[in-house]
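Breakdown of the fold
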Amino acid sequence: VLWDKLRNKGFMVKPQEDGAYFLVHPSRGKFEWTTDELALRSVVFGASGNVVSAGFPKFFNGGEWADTDAVIAHELERGAAVITHKHDGSLLIRSVLPGGRVVFRTRDTFDGGKFAPLAEAVAREKYPVLLDPAFFAHGSLLFEYVGAENQIVVRYHGGDDLVFLGAAIHGDTQAVARYLPFADLETLAHAHGLRLVETYAWADTVRGVGEILSLVRDWNTAEGVVVRSGDGQTLLKVKSAWYFAQHALRWQVRLPTIARFCIDGGIIDEPTFMQKLTEVGWDYETATVARGFFQTYLQRRAVMERIKETALAFLTAFDADTAGTFNDERAR
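Basis of the calculations
Residues numbered from 1 in each chain as written. Predicted model: local features only at pLDDT ≥ 70, side-chain atom pairs only at ≥ 80, totals over all residues. Heavy atoms only, no water. Helix = DSSP H or I, 4+ residues; strand = E, 2+ residues; numbered from the N terminus. Expected span 1.5 Å × (residues − 1). Buried < 20%, exposed > 50% of the residue type's maximum accessible area, 1.4 Å probe, protein only. Patch = residues over 30% accessible without salt bridge, like charges linked within 9 Å, V, L, I, M, F, W, Y side chains within 5 Å. Areas by Shrake-Rupley, 256 points an atom, 1.4 Å probe, with all protein chains shown as cover. Salt bridge = Lys/Arg side-chain N within 4 Å of Asp/Glu carboxyl O. Pairing = 2+ DSSP bridges. Axes fitted to C-alpha atoms, helices over the stretch in contact; angles between N-to-C directions. Phe/Tyr/Trp six-rings, centres within 6.5 Å; stacked < 30°, edge-to-face > 60°. Contact = heavy atoms within 4.5 Å.

**Some details on helix H10 (residues 291-322)**
- With 32 residues, H10 extends 46 Å from end C-alpha to end C-alpha; this agrees with the ideal 46 Å at 1.5 Å per step.
- Among the residues making up H10, those that are buried are Phe-294, Tyr-297 and Thr-322.
- Immediately beyond the C-terminal end of H10, within one or two residues, lies Gly-324, with a positive phi of roughly 75°.

**Focus on a nonpolar patch on the surface**
- Together, Leu-312, Phe-314, Leu-315 and Phe-318 give the surface a local cluster of nonpolar side chains, amounting to about 400 Å² of exposed area.
- Looking at the secondary structure, you find Leu-315 in helix H10.

**What to know about the sheet that holds strand E1 (residues 11-16)**
- Across the sheet, 4 strands lie side by side as E1-E2-E3-E4; this open sheet has antiparallel pairing. In this open sheet, the two edge strands, each paired with only one partner strand, are E1 and strand E4 (51-54). Strand-to-strand twist in this sheet, taken as the mean axis angle between neighbours without regard to direction, amounts to 20°.
- One ladder, built from 6 bridges, connects E1 with strand E2 (residues 21-26); its direction is antiparallel.

**As for the packing of aromatic side chains**
- Counted by the stated rule, this structure contains 14 aromatic pairs.
- Between the aromatic rings of Phe-56 and Phe-59, the centroid separation amounts to 6.1 Å while the plane-to-plane angle is 75°, which identifies the pairing as edge-to-face.
- Look at Phe-56 and you get buried, because its relative accessible area is 8%.
- Ring centres of Phe-143 and Phe-164 lie 5.5 Å apart, and the angle between their planes is 35°; on these two criteria the pair is classed as tilted. Of the two residues, Phe-143 sits in strand E9 (residues 139-146) while Phe-164 sits in strand E10 (residues 161-169), which places them 21 residues apart along the sequence.
- Using a relative accessible area of 1% as the deciding quantity, one classes Phe-143 as buried.

**Some points on the side chain of Glu-144**
- Within the secondary structure, Glu-144 sits in strand E9.
- When neighbours within four sequence positions are excluded, Glu-144 is seen to be in contact with His-87, Asp-88, Gly-89, Ser-90, Leu-91, Asp-161, Leu-162, Val-163 and Leu-165.

**Some thoughts on the pattern of salt bridges**
- Scanning the model with the defined rule gives 12 salt bridges in all.
- In this structure, the salt-bridge partner of Lys-30 is Glu-37, at a minimum N-O distance of 3.0 Å. Like Glu-37, Lys-30 is buried.
- The salt bridge involving Glu-75 is made with Arg-78; its shortest N-O contact spans 2.8 Å.
- Given a relative accessible area of 7%, Glu-75 falls into the buried group.
- With relative accessibility at 52%, the residue Arg-78 sits in the exposed group.
- Several salt bridges converge on common partners, so that one network encompasses Lys-126, Asp-161, Arg-195 and Glu-198.

Below, the structure is given as C-alpha coordinates:
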(Lines give C-alpha, C1' and ligand atoms only; values in the text may rest on other atoms or scores of the structure.)
Protein backbone atom coordinates (compact mmCIF):
# COMPACT_ATOMS: atom_id res chain seq x y z
CA VAL A 1 0.00 0.00 0.00
CA LEU A 2 2.85 2.39 0.86
CA TRP A 3 4.51 1.84 -2.50
CA ASP A 4 1.23 2.44 -4.38
CA LYS A 5 0.71 5.73 -2.51
CA LEU A 6 4.21 6.88 -3.42
CA ARG A 7 3.74 5.98 -7.07
CA ASN A 8 0.48 7.94 -7.11
CA LYS A 9 2.39 10.98 -5.81
CA GLY A 10 4.92 10.92 -8.64
CA PHE A 11 7.66 8.73 -7.13
CA MET A 12 9.47 5.83 -8.70
CA VAL A 13 9.51 2.69 -6.52
CA LYS A 14 12.05 0.14 -7.74
CA PRO A 15 12.24 -3.26 -6.04
CA GLN A 16 15.81 -4.52 -5.63
CA GLU A 17 17.26 -7.97 -5.03
CA ASP A 18 14.01 -9.92 -5.14
CA GLY A 19 12.12 -7.43 -3.02
CA ALA A 20 14.62 -7.25 -0.18
CA TYR A 21 14.96 -3.50 -0.76
CA PHE A 22 12.94 -0.72 -2.39
CA LEU A 23 14.58 2.33 -3.96
CA VAL A 24 12.35 5.42 -3.89
CA HIS A 25 13.09 8.62 -5.81
CA PRO A 26 11.00 11.23 -7.69
CA SER A 27 10.06 10.70 -11.31
CA ARG A 28 11.28 13.16 -13.93
CA GLY A 29 7.82 14.67 -14.11
CA LYS A 30 7.44 15.44 -10.41
CA PHE A 31 7.31 19.21 -9.97
CA GLU A 32 4.95 19.53 -7.01
CA TRP A 33 6.19 18.65 -3.52
CA THR A 34 4.69 18.58 -0.04
CA THR A 35 6.68 18.95 3.16
CA ASP A 36 6.35 15.28 4.11
CA GLU A 37 7.74 14.21 0.71
CA LEU A 38 11.02 16.13 0.83
CA ALA A 39 12.90 13.33 2.61
CA LEU A 40 12.09 10.98 -0.29
CA ARG A 41 14.50 12.48 -2.80
CA SER A 42 16.48 9.22 -2.66
CA VAL A 43 15.83 6.56 -0.01
CA VAL A 44 16.33 2.80 0.06
CA PHE A 45 13.93 0.99 2.36
CA GLY A 46 14.16 -2.55 3.66
CA ALA A 47 11.20 -4.83 3.07
CA SER A 48 9.80 -3.88 6.49
CA GLY A 49 9.97 -0.15 5.74
CA ASN A 50 13.17 0.62 7.62
CA VAL A 51 15.67 3.02 6.01
CA VAL A 52 18.94 1.41 4.89
CA SER A 53 20.24 4.25 2.70
CA ALA A 54 19.32 7.94 2.51
CA GLY A 55 20.52 10.83 0.38
CA PHE A 56 19.93 14.51 0.99
CA PRO A 57 16.32 15.62 1.21
CA LYS A 58 14.91 17.65 -1.66
CA PHE A 59 16.16 21.21 -1.24
CA PHE A 60 15.62 24.37 -3.23
CA ASN A 61 16.96 27.60 -4.61
CA GLY A 62 16.09 30.80 -2.82
CA GLY A 63 12.49 31.82 -3.44
CA GLU A 64 11.25 28.33 -4.35
CA TRP A 65 10.13 27.06 -0.95
CA ALA A 66 8.82 29.50 1.64
CA ASP A 67 9.54 27.34 4.70
CA THR A 68 13.18 26.87 3.71
CA ASP A 69 13.58 30.57 2.98
CA ALA A 70 12.21 31.41 6.43
CA VAL A 71 14.47 28.94 8.28
CA ILE A 72 17.62 30.03 6.47
CA ALA A 73 16.78 33.72 6.88
CA HIS A 74 16.45 33.19 10.63
CA GLU A 75 19.71 31.22 10.80
CA LEU A 76 21.58 33.94 8.91
CA GLU A 77 20.13 36.66 11.11
CA ARG A 78 21.33 34.95 14.27
CA GLY A 79 24.71 33.98 12.80
CA ALA A 80 24.11 30.22 13.05
CA ALA A 81 24.16 29.33 9.33
CA VAL A 82 27.06 27.55 7.64
CA ILE A 83 27.95 28.36 4.02
CA THR A 84 29.64 25.63 2.00
CA HIS A 85 30.91 25.43 -1.56
CA LYS A 86 28.53 23.78 -4.04
CA HIS A 87 30.59 21.34 -6.07
CA ASP A 88 29.37 20.48 -9.56
CA GLY A 89 29.78 16.72 -9.77
CA SER A 90 27.63 13.68 -9.09
CA LEU A 91 26.17 12.92 -5.66
CA LEU A 92 27.16 9.50 -4.33
CA ILE A 93 25.58 7.90 -1.29
CA ARG A 94 27.75 5.49 0.69
CA SER A 95 25.75 3.09 2.86
CA VAL A 96 26.21 -0.26 4.59
CA LEU A 97 23.40 -2.70 3.92
CA PRO A 98 22.27 -5.23 6.53
CA GLY A 99 24.79 -8.05 6.36
CA GLY A 100 27.75 -5.72 5.92
CA ARG A 101 27.76 -4.92 2.21
CA VAL A 102 29.12 -1.45 1.39
CA VAL A 103 27.42 0.29 -1.54
CA PHE A 104 28.14 3.52 -3.40
CA ARG A 105 24.97 4.53 -5.19
CA THR A 106 23.54 7.50 -7.05
CA ARG A 107 20.19 9.11 -6.30
CA ASP A 108 18.29 7.03 -8.84
CA THR A 109 20.25 3.75 -8.71
CA PHE A 110 20.71 1.01 -6.14
CA ASP A 111 24.09 -0.21 -7.40
CA GLY A 112 25.64 3.13 -8.42
CA GLY A 113 25.90 2.23 -12.10
CA LYS A 114 29.16 3.35 -13.68
CA PHE A 115 30.02 5.48 -10.65
CA ALA A 116 30.28 2.63 -8.12
CA PRO A 117 33.62 1.21 -9.37
CA LEU A 118 34.99 4.73 -9.80
CA ALA A 119 34.07 5.65 -6.23
CA GLU A 120 35.49 2.40 -4.88
CA ALA A 121 38.76 3.08 -6.69
CA VAL A 122 39.01 6.54 -5.10
CA ALA A 123 38.19 5.04 -1.70
CA ARG A 124 40.88 2.37 -2.01
CA GLU A 125 43.47 4.97 -2.94
CA LYS A 126 42.56 7.82 -0.59
CA TYR A 127 39.88 6.85 1.93
CA PRO A 128 40.06 3.09 2.68
CA VAL A 129 37.92 3.51 5.79
CA LEU A 130 34.92 3.94 3.47
CA LEU A 131 35.27 0.29 2.39
CA ASP A 132 35.10 -0.94 5.99
CA PRO A 133 31.51 -2.10 6.73
CA ALA A 134 32.04 -1.40 10.42
CA PHE A 135 32.54 2.31 9.69
CA PHE A 136 29.37 4.43 9.96
CA ALA A 137 27.13 1.41 9.50
CA HIS A 138 24.13 3.17 11.09
CA GLY A 139 23.79 5.85 8.44
CA SER A 140 24.73 7.12 4.99
CA LEU A 141 27.67 9.32 4.05
CA LEU A 142 27.12 11.75 1.19
CA PHE A 143 29.86 12.68 -1.28
CA GLU A 144 30.28 14.66 -4.47
CA TYR A 145 32.21 12.64 -7.02
CA VAL A 146 34.31 15.11 -9.04
CA GLY A 147 36.91 14.63 -11.73
CA ALA A 148 38.10 15.74 -15.14
CA GLU A 149 36.03 13.04 -16.87
CA ASN A 150 32.83 13.86 -14.98
CA GLN A 151 32.14 17.36 -16.20
CA ILE A 152 28.63 18.67 -15.66
CA VAL A 153 29.32 22.38 -16.23
CA VAL A 154 32.35 23.25 -14.09
CA ARG A 155 35.59 21.70 -15.33
CA TYR A 156 37.74 19.97 -12.70
CA HIS A 157 41.43 19.29 -13.13
CA GLY A 158 43.52 16.59 -11.48
CA GLY A 159 42.50 13.18 -10.24
CA ASP A 160 39.08 11.97 -9.26
CA ASP A 161 37.99 12.63 -5.70
CA LEU A 162 35.15 12.23 -3.22
CA VAL A 163 34.20 15.45 -1.45
CA PHE A 164 32.47 14.80 1.88
CA LEU A 165 29.19 16.76 1.97
CA GLY A 166 27.00 15.30 4.69
CA ALA A 167 25.82 12.37 6.77
CA ALA A 168 22.36 10.96 7.38
CA ILE A 169 21.47 8.91 10.44
CA HIS A 170 19.00 6.17 9.56
CA GLY A 171 15.84 5.60 11.54
CA ASP A 172 13.11 3.00 11.43
CA THR A 173 11.22 5.18 8.92
CA GLN A 174 12.11 8.08 6.65
CA ALA A 175 10.40 10.45 9.07
CA VAL A 176 13.13 10.04 11.68
CA ALA A 177 16.17 10.28 9.38
CA ARG A 178 18.44 13.03 10.70
CA TYR A 179 21.43 14.88 9.25
CA LEU A 180 24.58 15.69 11.16
CA PRO A 181 25.29 19.38 11.80
CA PHE A 182 28.40 20.70 10.10
CA ALA A 183 30.48 20.69 13.29
CA ASP A 184 29.99 16.93 13.53
CA LEU A 185 30.98 16.53 9.88
CA GLU A 186 34.21 18.38 10.65
CA THR A 187 34.94 16.01 13.51
CA LEU A 188 34.20 12.95 11.40
CA ALA A 189 36.31 14.17 8.48
CA HIS A 190 39.27 15.06 10.70
CA ALA A 191 39.18 11.72 12.52
CA HIS A 192 39.08 9.62 9.35
CA GLY A 193 40.99 11.70 6.82
CA LEU A 194 38.04 12.60 4.57
CA ARG A 195 38.09 15.62 2.26
CA LEU A 196 35.44 17.90 3.74
CA VAL A 197 33.59 20.39 1.55
CA GLU A 198 34.99 23.90 1.77
CA THR A 199 33.27 26.61 3.83
CA TYR A 200 33.04 30.38 3.45
CA ALA A 201 33.40 32.86 6.29
CA TRP A 202 30.54 35.01 4.98
CA ALA A 203 28.17 33.54 7.54
CA ASP A 204 29.94 35.69 10.12
CA THR A 205 28.96 38.89 8.32
CA VAL A 206 26.05 38.38 5.89
CA ARG A 207 22.54 38.50 7.27
CA GLY A 208 20.42 37.63 4.26
CA VAL A 209 20.24 35.44 1.17
CA GLY A 210 20.22 38.55 -1.00
CA GLU A 211 23.70 39.43 0.24
CA ILE A 212 24.96 35.95 -0.56
CA LEU A 213 23.44 36.11 -4.03
CA SER A 214 25.23 39.39 -4.69
CA LEU A 215 28.52 37.70 -3.76
CA VAL A 216 28.11 34.63 -6.01
CA ARG A 217 26.07 36.11 -8.87
CA ASP A 218 29.10 36.89 -11.04
CA TRP A 219 31.11 33.74 -10.36
CA ASN A 220 32.10 32.19 -13.67
CA THR A 221 34.06 29.13 -12.59
CA ALA A 222 31.84 27.66 -9.85
CA GLU A 223 28.24 26.63 -9.32
CA GLY A 224 27.53 28.53 -6.13
CA VAL A 225 27.06 27.77 -2.44
CA VAL A 226 24.80 25.84 -0.09
CA VAL A 227 23.53 27.62 3.01
CA ARG A 228 22.93 25.18 5.88
CA SER A 229 21.02 25.68 9.10
CA GLY A 230 23.02 25.26 12.27
CA ASP A 231 21.38 21.92 13.05
CA GLY A 232 22.08 20.58 9.55
CA GLN A 233 18.44 19.80 8.72
CA THR A 234 17.71 22.63 6.27
CA LEU A 235 19.68 23.51 3.13
CA LEU A 236 19.29 26.24 0.51
CA LYS A 237 21.05 26.54 -2.87
CA VAL A 238 22.38 29.88 -4.08
CA LYS A 239 23.78 29.63 -7.62
CA SER A 240 25.64 32.00 -9.88
CA ALA A 241 23.84 33.40 -12.93
CA TRP A 242 26.64 31.97 -15.08
CA TYR A 243 25.99 28.47 -13.80
CA PHE A 244 22.26 28.74 -14.35
CA ALA A 245 22.81 29.80 -17.94
CA GLN A 246 25.49 27.23 -18.70
CA HIS A 247 23.57 24.37 -17.11
CA ALA A 248 20.42 25.30 -18.97
CA LEU A 249 22.20 25.57 -22.31
CA ARG A 250 23.93 22.23 -21.83
CA TRP A 251 21.29 20.11 -20.14
CA GLN A 252 17.83 21.61 -19.88
CA VAL A 253 17.08 23.67 -22.96
CA ARG A 254 16.08 20.89 -25.32
CA LEU A 255 12.74 20.41 -27.02
CA PRO A 256 11.79 17.17 -25.16
CA THR A 257 12.56 18.78 -21.80
CA ILE A 258 10.63 21.95 -22.58
CA ALA A 259 7.70 19.93 -23.96
CA ARG A 260 7.59 17.75 -20.84
CA PHE A 261 7.69 20.84 -18.64
CA CYS A 262 4.79 22.42 -20.54
CA ILE A 263 2.68 19.26 -20.66
CA ASP A 264 3.07 18.55 -16.95
CA GLY A 265 2.40 22.17 -16.07
CA GLY A 266 -0.53 22.69 -18.46
CA ILE A 267 1.32 25.64 -20.04
CA ILE A 268 -0.06 26.91 -23.36
CA ASP A 269 0.99 30.58 -23.50
CA GLU A 270 4.34 32.37 -23.35
CA PRO A 271 3.73 34.62 -20.30
CA THR A 272 2.83 31.57 -18.19
CA PHE A 273 5.82 29.69 -19.61
CA MET A 274 8.23 32.44 -18.56
CA GLN A 275 6.61 32.77 -15.16
CA LYS A 276 6.77 29.03 -14.42
CA LEU A 277 10.43 28.77 -15.44
CA THR A 278 11.40 31.58 -13.10
CA GLU A 279 9.32 30.02 -10.31
CA VAL A 280 11.37 26.81 -10.46
CA GLY A 281 14.67 28.67 -10.26
CA TRP A 282 15.60 29.94 -13.73
CA ASP A 283 16.55 33.60 -13.91
CA TYR A 284 14.71 35.56 -16.59
CA GLU A 285 17.72 35.79 -18.92
CA THR A 286 18.19 32.03 -18.84
CA ALA A 287 14.49 31.39 -19.43
CA THR A 288 14.53 33.45 -22.61
CA VAL A 289 16.93 30.91 -24.18
CA ALA A 290 14.06 28.39 -24.13
CA ARG A 291 11.58 30.55 -26.05
CA GLY A 292 12.46 29.05 -29.43
CA PHE A 293 11.79 25.54 -28.19
CA PHE A 294 8.53 26.72 -26.65
CA GLN A 295 7.39 28.11 -30.01
CA THR A 296 8.25 24.79 -31.68
CA TYR A 297 6.30 22.98 -28.96
CA LEU A 298 3.25 25.20 -29.62
CA GLN A 299 3.47 24.53 -33.36
CA ARG A 300 3.64 20.77 -32.85
CA ARG A 301 0.88 20.93 -30.27
CA ALA A 302 -1.33 22.70 -32.82
CA VAL A 303 -0.66 19.94 -35.36
CA MET A 304 -1.61 17.28 -32.81
CA GLU A 305 -4.77 19.20 -31.89
CA ARG A 306 -5.81 19.16 -35.55
CA ILE A 307 -5.15 15.42 -35.73
CA LYS A 308 -7.21 14.89 -32.59
CA GLU A 309 -10.08 17.01 -33.93
CA THR A 310 -10.06 15.01 -37.19
CA ALA A 311 -10.12 11.71 -35.30
CA LEU A 312 -12.96 12.84 -33.04
CA ALA A 313 -14.93 14.13 -36.03
CA PHE A 314 -14.50 10.76 -37.72
CA LEU A 315 -15.79 8.94 -34.64
CA THR A 316 -18.77 11.30 -34.36
CA ALA A 317 -19.65 10.76 -38.03
CA PHE A 318 -19.24 7.00 -37.67
CA ASP A 319 -21.62 6.94 -34.72
CA ALA A 320 -24.15 8.96 -36.69
CA ASP A 321 -23.86 6.82 -39.81
CA THR A 322 -24.23 3.53 -37.97
CA ALA A 323 -26.92 4.49 -35.48
CA GLY A 324 -29.70 1.90 -35.50
CA THR A 325 -28.04 -0.13 -38.27
CA PHE A 326 -26.60 -2.92 -36.12
CA ASN A 327 -28.26 -4.86 -33.34
CA ASP A 328 -24.91 -6.26 -32.22
CA GLU A 329 -22.41 -3.67 -30.98
CA ARG A 330 -19.46 -5.96 -31.74
CA ALA A 331 -20.53 -6.21 -35.34
CA ARG A 332 -20.82 -2.41 -35.55
